[in-house]
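So you can see what is in the structure, the chains are spelled out below.
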There are 4 protein chains.
Amino acid sequence: MARTETGRVEAFSDGVFAIAMTLLVLDLKVPHDLAPGQTLMGALVAEWPTFLAFVTSYATILIMWVNHHRLFAHIGRWDDRLLFSNGLLLFGVVVLPFTTSLVATYLDRPGHEAAAMVYNGIFVLIAVCYNVLWRSASRGGRLLGPDHDPDIVRQITDSYRWGPLIYAVVFVVGIASVTVSLLLNLALALYFALPSALAAHIARRGRSVPRTD
Amino acid sequence: MARTETGRVEAFSDGVFAIAMTLLVLDLKVPHDLAPGQTLMGALVAEWPTFLAFVTSYATILIMWVNHHRLFAHIGRWDDRLLFSNGLLLFGVVVLPFTTSLVATYLDRPGHEAAAMVYNGIFVLIAVCYNVLWRSASRGGRLLGPDHDPDIVRQITDSYRWGPLIYAVVFVVGIASVTVSLLLNLALALYFALPSALAAHIARRGRSVPRTD
Amino acid sequence: MARTETGRVEAFSDGVFAIAMTLLVLDLKVPHDLAPGQTLMGALVAEWPTFLAFVTSYATILIMWVNHHRLFAHIGRWDDRLLFSNGLLLFGVVVLPFTTSLVATYLDRPGHEAAAMVYNGIFVLIAVCYNVLWRSASRGGRLLGPDHDPDIVRQITDSYRWGPLIYAVVFVVGIASVTVSLLLNLALALYFALPSALAAHIARRGRSVPRTD
Amino acid sequence: MARTETGRVEAFSDGVFAIAMTLLVLDLKVPHDLAPGQTLMGALVAEWPTFLAFVTSYATILIMWVNHHRLFAHIGRWDDRLLFSNGLLLFGVVVLPFTTSLVATYLDRPGHEAAAMVYNGIFVLIAVCYNVLWRSASRGGRLLGPDHDPDIVRQITDSYRWGPLIYAVVFVVGIASVTVSLLLNLALALYFALPSALAAHIARRGRSVPRTD
């Protein structure tokens, strides 16, 4: 039952990730009144802050979803504490269409410091939630599957520790320049994506010796 | 088949919970015209009724989802009556983005009594639906799994009995003060979350003696 | 694999049903400017066409979802024809938030005949799609599970035959009076819900003799 | 575990497809102010670009979902590279409600070339992503299920190769006439749907000899 149950927590979380990711599109506005002499392509290019914020948030939610999957691949049981730390994490995800719209609107206007603080602050919150969720689940192997590998668990704990710190740095950068902080977030998403893809590629290659099962 | 089928009722319900929870964000509005001398942070703080209603509704939907899971962990079969009492319960959930927006708009304006009555009234309806659904499923063990524990069933029945009463009290309080009723709802969500997390923690500790399976 | 595959068609359809059902709420508008002397409750009551259309569409989608489940409980395999007749059926579902909004806006205004024709026309289309889907799946037992009961299959075929006719009658009624057609749709949803709930209750009672498994 | 895991990637993708498909409806606008002498039906007919774009995008997402299922029916394992090429593909899907709205708005106005380039360009991107995803999964049978048929794999590879080329042609056509490119997309969706439905019908008939399992 326990295994089925984490399946359901994951399905519910997947739903929230998928919906939040898709609702981001509602912030992309079709230009309705072109200024005289303005082309549609020009009007779209002028909306670049919205597109940059959209792409950054999309890439970040995708990374967060991949990480959520990675963690739950090791978690075999659940309790109410897990449900609620997961619920707090999803709160951060649900709020992203709003913070994305906020940062896109104020990127090149007075108020950009506040917008950046809200936008990047939510990422700090989410990074903290991932740590709380993982530590609460992994401490003493409390909620891990019966065949978990302590080395991998420690490795995950070590790597997640850096998340809040990294996003705190982006938070500080964002006060100086929103645009740079958006580009940093985008680079972080690509950075988290690429090496692990490479690592997985190598790991899988190592594993691809003929099996007898 | 029956077990698979409740799985599908749950998956459908999870979808509705996840979407309603995520649509709440559409009510968070990016301030577009700052008054002279107003900062963005000031404009956001001035939107506190919207954020309070958002957080309250999010926390309440999360609690309702956790409760939905708890009940269905005991339900092993379904019939049309269960589908329709569940459908009425989900009606209450679907309506929440509207009632949340209503209460946020009228929190500090004439009309707040009516807004509070609609907002808290839906919570009373949902609490009643949980009782109808559970009683219809558990009476005589009608739709429960083959290995249900009568003590736990009775315990659930007893604890759910208080739901409509508690939300009726919040309903009355809301007529006097919307804000207090929102804070009460938020406190209720935390209260339902925390003790059960503690209880689960204790229960799990008791269970964590070495097993031989 | 086949069984898993219909599971995925169902999961996808459940997603579309759940989202369409939840998006209906976006048409419920919070009254923003109360006329002098108007209360919020009065303003909400004046929105009754929107609420009537909302409740009718919600109840109808719920019934359609229950029917979708009933049919797929008998379908054990899929092919592309099933995917596409299901896709056309879901087209009708996806469109409902629009037709609901249309009928709510024009219920008491010139244009109500056209609005009713669009709204009820989609229901006729959906009823036809259910027949196409079921016949395509059940003819010769083509896609049914290995242990299907021919009597039940014929019984379903017979009862679904009436759907398009009934909704065609509602379509004609709607040209004379939208409101009556909405109430008819609501009554139909309740009618389809209640007897089957009773029937299931009786059937289950008959089955509830002690079992030895 | 691997098999379960692709199940989760599919479920997440199904969620994104279902939501994007359903959000398309938000672009169908209820006409609020009828011009003097204009009927509601006339006002709806005048919105034909929106309905054409809606139907085209709906049919295209449906086809893409069917294709996604077909590919994943052969994929038995996943790695990070698959997750990210799938994530890029879903980016194209998430963006469709925006590009659909854009092309509907500018279909009969200056700017239609740019709107068509954005709309059809996303389809080219998605067609490329399907190739990247499939090649990355199928090269050397890397992520395919243990019992994959090399002939079918090669056949899929061959047929998908034409996707980007076909959508590139539509892209060029769209610069000359948006409407023709929309109709071409719609015809492509029907073309992909119908023959495969026929082929599946024939294949299934061939397979329908009595089995002894």
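Just so it is clear, the model here is predicted, and its values are computed rather than measured. (Residues numbered from 1 in each chain as written. Chains lettered and ligands numbered in written order. Predicted model: local features only at pLDDT ≥ 70, side-chain atom pairs only at ≥ 80, totals over all residues.)

1. Here we look at the overall build of chain A
Turning to step 1, where the next piece is worked out: If you tally the helices and strands in chain A, you get seven helices and zero strands.
Turning to step 2, where the next piece is worked out: For chain A, the α and β elements follow one another from N to C terminus as α-α-α-α-α-α-α.
Turning to step 3, where the next piece is worked out: Across the 213 residues that make up chain A, the buried fraction comes to 46%.
Turning to step 4, where the next piece is worked out: Within chain A, contacts between residues separated by at least 24 positions form 80% of all contacts whose residues are at least 6 apart in sequence. (Helix = DSSP H or I, 4+ residues; strand = E, 2+ residues; numbered from the N terminus. Buried ≥ 20, exposed ≤ 12 C-beta atoms within 10 Å, placed from the backbone. Contact = placed C-beta atoms within 7 Å.)

2. Some points on the relation of the copies chain B and chain C
Turning to step 1, where the next piece is worked out: After a rotation of 90 degrees and a shift along the axis of 0.0 Å, chain B superposes on chain C with an RMSD of 0.0 Å. Look at the turn and shift together and you get a four-fold axis relating the two.
Turning to step 2, where the next piece is worked out: The overlap is low: 12% of the interface residues of chain B also sit at the interface in chain C, so different surfaces are used on the two sides. (Least-squares fit on C-alpha atoms with pLDDT ≥ 70 in both.)

3. A look at the relation of the copies chain A and chain B
Turning to step 1, where the next piece is worked out: Screw-axis analysis of chain A against chain B gives a translation of 0.0 Å along the axis, an RMSD of 0.0 Å, and a rotation angle of 90 degrees.
Turning to step 2, where the next piece is worked out: Different-surface contact between copies: only 12% of interface residues of chain A are shared with the interface of chain B.

4. Focus: the interface of chain A and chain B
Turning to step 1, where the next piece is worked out: The interface is formed by 26 residues belonging to chain A together with 27 residues belonging to chain B.
Turning to step 2, where the next piece is worked out: Among the residues forming the side of chain A that touches chain B, the class breakdown is 17 nonpolar, five polar and four charged. (Nonpolar A, V, L, I, M, F, W, Y, C, P; charged D, E, K, R; others polar.)

5. So, the interface of chain B and chain C
Turning to step 1, where the next piece is worked out: Of the residues lining the interface, 26 residues belong to chain B; the matching set on chain C comes to 26 residues.
Turning to step 2, where the next piece is worked out: Elements supplying a minimum of two residues to the side of chain B that touches chain C: helix H1 (2-23), helix H4 (80-106) and helix H5 (112-138) of chain B.
Turning to step 3, where the next piece is worked out: For the side of chain B that touches chain C, the element with the highest residue contribution is H4(B), accounting for 14 residues.
Turning to step 4, where the next piece is worked out: Of the residues in the side of chain B that touches chain C, the class split is 17 nonpolar, five polar and four charged.

6. Quick notes on the packing of helix H5 (residues 112-138) of chain D against helix H6 (residues 150-176) of chain D
When two helices pack together, their arrangement is given by the angle between the helix axes and the distance between those axes.
Residues and elements named next belong to chain D.
Turning to step 1, where the next piece is worked out: One can describe the packing of H5 onto H6 by two numbers: an axis separation of 8 Å at closest approach and a directional angle of 170 degrees. Overall, the two elements H5 and H6 adopt an arrangement that is roughly antiparallel.
Turning to step 2, where the next piece is worked out: For the contact of H5 with H6, the residue count by class is 17 nonpolar, seven polar and three charged. (Axes fitted to C-alpha atoms, helices over the stretch in contact; angles between N-to-C directions. Parallel < 35°, antiparallel > 145°, perpendicular 65-115°, else oblique.)

7. Let's talk about the confidence of the model for chain A
All names here are of chain A.
Turning to step 1, where the next piece is worked out: On average, residues of chain A carry a pLDDT of 84, and 88% of them reach 70 or more.
Turning to step 2, where the next piece is worked out: Within chain A, the lowest mean pLDDT, 72, falls on helix H7 (residues 178-207), and the highest, 92, falls on helix H5 (residues 112-138).
Turning to step 3, where the next piece is worked out: Scored below 50 in pLDDT, residues 206-213 makes zero contacts in the model with residues more than four places away or belonging to other chains.
Turning to step 4, where the next piece is worked out: Both scores are available for the predicted complex, with the pTM at 0.87 and the ipTM at 0.84. (pLDDT = per-residue confidence, 0-100.)

8. Some thoughts on the environment of A:Val9
All names here are of chain A.
Turning to step 1, where the next piece is worked out: Along the chain, the position of valine 9 falls in helix H1 (residues 2-23).
Turning to step 2, where the next piece is worked out: Taking the C-beta count within 10 Å as the criterion, valine 9 has 21 such neighbours and is therefore assigned buried.
Turning to step 3, where the next piece is worked out: With sequence-adjacent residues up to four places away left out, valine 9 is seen in contact with Trp78, Leu83 and Asn86.

9. Overview of H6(D)
Turning to step 1, where the next piece is worked out: Relative to the 39 Å expected for 27 residues at 1.5 Å per residue, H6(D) spans 41 Å between its end C-alpha atoms, a close match to the ideal helical length.
Turning to step 2, where the next piece is worked out: Every buried residue of H6(D) is listed here: D:Gly163, D:Tyr167, D:Val170 and D:Gly174. (Expected span 1.5 Å × (residues − 1).)

10. Concerning the environment of C:Phe54
Residue and element names in this part refer to chain C.
Turning to step 1, where the next piece is worked out: Positionally, phenylalanine 54 belongs in helix H3 (residues 48-72).
Turning to step 2, where the next piece is worked out: Residue classification places phenylalanine 54 among the buried positions, given that 23 C-beta atoms sit within 10 Å.
Turning to step 3, where the next piece is worked out: Spatially, the C-alpha atoms of phenylalanine 54 and methionine 21 are 9.4 Å apart, while their sequence positions differ by 33 residues.
Turning to step 4, where the next piece is worked out: Those residues within four positions of phenylalanine 54 in sequence are excluded, and the remaining contacts are Leu24, Asp27, Leu28 and Thr100.

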